[in-house]
Amino acid sequence: MNLKNKVLGEFGTTVFEVMSRLALEHNSINLGQGFPDGVGPKNVLEKAANSLYSSPNQYPPMMGVPELRKAVAGHNKRFYGIDVDWETETMISTGATEGLAACFFGLLNPGDEVVLIEPLYDCYLPIIKRAGGIPKMVTIRPPDWSLDPEQLRAAFSAKTKLLLLNTPQNPASKVYNLEELKLIAGLVREFDAIAICDEVYEHMVFDGNEHISLMTLPGMRDRTIRISSAGKTFSLTGWKVGYLTGSHELIKAIAKAHQFLVFTTAPNLQRAVAFGLNQDDDYFENLNSEMNAKRDKLANSLSEIAGFNPVACEGSYFLFVDIADTGFGGTDIDFCKYITTKAGVTAVPVSAFYQSNAPKNFIRFCFAKKDSILDEAASRLAAHFG
Ligand code: PMP
Ligand code: GLN
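Quick summary incoming for the structure in this document. For clarity, every value in this text was computed on a predicted model and none was experimentally measured.

Let's talk about the environment of S28
Of note, S28 is situated in the loop between α1 (15-25) and β1 (29-30). On the basis of relative accessible area, S28 is assigned to the buried category, the value being 11%. Distance in space between the C-alpha atoms of S28 and M291 is 22 Å, their sequence separation being 263 residues. In this structure S28 touches A23, T340, G344, V345, T346 and R380, once residues within four positions along its chain are discounted.

Some words on the state of the cysteines
With the rule as written, the count across this model stands at zero disulfides. In this structure C313 is not part of a disulfide, and its nearest cysteine sulfur, from C366, lies 10 Å away. Residue C313 is classed as buried on the basis of its relative accessible area of 5%. We note that C336 lacks a disulfide partner, and the nearest cysteine sulfur, in C366, lies 14 Å from it.

Let's talk about a nonpolar patch on the surface
Among the surface-exposed residues, F105, L261 and V262 lie close enough to one another that they form a single nonpolar patch of about 220 Å² accessible area. The topology assignment puts V262 in the loop between α10 (248-261) and α11 (267-277).

Notes on the site of ligand 1
In the neighbourhood of ligand 1, 13 residues make up the surrounding shell, with T97, D198, Y201, S229 and K232 lying closest. Between an oxygen atom of ligand 1 and a side-chain N or O atom of T97, the distance comes to 2.6 Å. Here ligand 1 loses 94% of its free accessible area of 400 Å² to cover by the protein chains. In this structure, ligand 1 is accommodated by the largest pocket. Sort the elements by how many residues they give to the shell around ligand 1 and helix α5 (residues 95-107) lands first, with three residues. Residues of the shell around ligand 1, tallied by class, amount to five nonpolar, five polar and three charged.

Thoughts on the layout of surface pockets
Looking at the largest pocket, its volume works out to about 950 Å³. Together, 39 residues line the largest pocket, and T14, F16, Y121, D122 and C123 are the ones closest to its centre. For the lining of the largest pocket, the elements supplying multiple residues, two or more each, are α1, α5, α6 (124-130) and α9 (230-233). Class assignment of the residues belonging to the lining of the largest pocket gives a composition of 18 nonpolar, 13 polar and eight charged. When its volume is computed, the second largest pocket comes out at roughly 310 Å³.

A closer look at the sheet that holds strand β13 (residues 362-366)
Strand order in the open sheet formed by four strands is β9-β10-β13-β12, with antiparallel pairing between adjacent strands. One side of each edge strand has no neighbouring strand; the edge strands of this open sheet are β9 (309-310) and β12 (348-349). Across the sheet, helix α13 (residues 332-343) is in contact with β12 and β13; its angle to β13 comes to roughly 45°.

Observations regarding the packing of α1 against α13
When two helices pack together, their arrangement is given by the angle between their axes and by how far apart the axes lie. Taken N-terminus to C-terminus, the directions of α1 and α13 make an angle of 25°; their axes are 9 Å apart at the nearest point. One finds that α1 runs roughly parallel with respect to α13. For the pair α1 and α13, the crossing hand works out as right-handed. Contact residues: M19, L22 and A23 in α1; C336, K337 and T340 in α13. In terms of residue class, the contact of α1 with α13 is made up of four nonpolar, one polar and one charged.

Calculation criteria
Residues numbered from 1 in each chain as written. Chains lettered and ligands numbered in written order. Predicted model: local features only at pLDDT ≥ 70, side-chain atom pairs only at ≥ 80, totals over all residues. Heavy atoms only, no water. Helix = DSSP H or I, 4+ residues; strand = E, 2+ residues; numbered from the N terminus. Buried < 20%, exposed > 50% of the residue type's maximum accessible area, 1.4 Å probe, protein only. Contact = heavy atoms within 4.5 Å. Disulfide = S-S within 2.5 Å. Patch = residues over 30% accessible without salt bridge, like charges linked within 9 Å, V, L, I, M, F, W, Y side chains within 5 Å. Areas by Shrake-Rupley, 256 points an atom, 1.4 Å probe, with all protein chains shown as cover. Salt bridge = Lys/Arg side-chain N within 4 Å of Asp/Glu carboxyl O. Near = heavy atom within 4 Å. Polar contact = N/O pair within 3.5 Å; in protein donor to acceptor, adjacent residues only side chain to side chain. 1 Å grid on protein atoms, 1.4 Å probe; cavity = no way out; pocket = protein on both sides within 12 Å on 5 of 7 lines; lining within 4 Å. Sits in = over half its atoms within 2 Å of the grid points. Nonpolar A, V, L, I, M, F, W, Y, C, P; charged D, E, K, R; others polar. Points joined across faces, edges and corners; volume = space filled by probe spheres on them. Pairing = 2+ DSSP bridges. Axes fitted to C-alpha atoms, helices over the stretch in contact; angles between N-to-C directions. Parallel < 35°, antiparallel > 145°, perpendicular 65-115°, else oblique. Left-handed = near helix turned anticlockwise from the far one by under 90°.

Any functional reading would require information beyond the geometric quantities listed.
Laid out in structure tokens, this is it:
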């Protein structure tokens, strides 16, 4: 008997798990899988701990606890000027991942087309395909990551139901500018589609770039779902608290899937995230400047190593490095295994994020780590590559 589902069976183990396991095995510094190495903001942790004892721990409402839904609405207004009715236009999910899955299962019918821009975060494709969606891929490439308007238009058709936009984009570290967003919004409107916007890195945007939500463009308010995550905004990736904003009609359709996927999310964590989102602007500015400084630190030290050429990183917590000049003979996958086992530093191969014609000379480092860890990683690589 073939136990595997026909669609999911074709996917291997995710690159994050594979590289993290290898890092552990070789006692290597893990700059592969994207997660910060701190404990998270103390006041948010305290709120979670206190809520565990002071509030009910039974099933919270399916759409999320009211204080978090109100905080999500307030956050939309404060940062993007979007007016949101918390009772009908927000939904709390178990991480952005479940929110995305609920969008795909709740909105797609078999045969519907979904426009995606690769390199892609790894959970999109398996879930879209499992939901019966047909991916239509647009490709951007390092080092300039430019979006070809012709290629983008060609990906749309009368069958397009969704477009997925991830900005700031993992792993490209690209922040889509207004001109690109206008182009995307124009096509979404023209083809009467819906935009699913994965904006989990919304508070990590550097060098004067601005995170613009596609939802704020003309005609997009009611055809966009905006998804973000406490995992990134509070450096608590294990918490798995995500939040969705969109029109009542869209949220209702998405909740049809959410109710049967997970129904709800840990109540004390939801309350702590509500507290977190309500903090002053200082919190968000500090997060951004801390990450910016870490990006600079890693990019500067890696650029001093022979053959390592960091690519511009506009946002997220990932740095691309071009390794072509190292003279290494193998692929990016070979290189990541090589530095894990020989230099004691782990990165992830960028080809894992492409479906076809992947560039083979780029690797991705996560810089959301303690400064001492970033320094040690750079000095190990410098020692190895001389
Ligand atoms: N989208 C992107 C682009 C991500 O990088 C990640 C996770 N790292 C997620 C979604 C998933 O977020 P969560 O952990 O909240 O499910
Ligand atoms: N988003 C993280 C990354 O890109 C990892 C998420 C995961 O491990 N599933 O590295």
